[in-house]
Amino acid sequence: MHDVTIKTRENGPLLVTGPIRLTDHLGNVYDLTGKENVALCSCGQSAKKPFCDGTHRACGFIAGEIAPAPPPPPA
Ligand code: FES
């Protein structure tokens, strides 16, 4: 079992579940106290980056990638 799961949302953010430490590009830590889930913007349009603020719904963001099937086991 994994401690952290990152789930892509169709046409939406990356939903991160589990204990994480999120920093900005300078290494400053975001306060995630009390948050079990964090939605990270993947559309680039949020006014609250790196967090999703729901703008993806209004900007026409399309992302429906599906993870590829695992390769077959070796024969
Ligand atoms: S993914 Fe929600 S605002 Fe960008």
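What counts and what doesn't
- Residues numbered from 1 in each chain as written.
- Predicted model: local features only at pLDDT ≥ 70, side-chain atom pairs only at ≥ 80, totals over all residues.
- Heavy atoms only, no water.
- Phe/Tyr/Trp six-rings, centres within 6.5 Å; stacked < 30°, edge-to-face > 60°.
- Helix = DSSP H or I, 4+ residues; strand = E, 2+ residues; numbered from the N terminus.
- Buried < 20%, exposed > 50% of the residue type's maximum accessible area, 1.4 Å probe, protein only.
- Lys NZ or Arg CZ within 6 Å of the ring centre and 35° of its normal.

### Some points on the packing of aromatic side chains
Tallied over the full model, the rule gives one aromatic pair. Taken together, a centroid distance of 5.4 Å and an interplanar angle of 85° make the contact between Tyr30 and Phe51 edge-to-face. In this pair, Tyr30 sits in the loop between strand 2 (14-17) and strand 3 (37-40) while Phe51 sits in the segment after strand 3, placing the two residues 21 residues apart along the sequence. Accessibility expressed as a relative area gives 21% for Phe51, which makes it partly exposed. Across from the ring centre of Phe51, 5.9 Å away, lies the NZ or CZ of Lys35, which sits over that ring.

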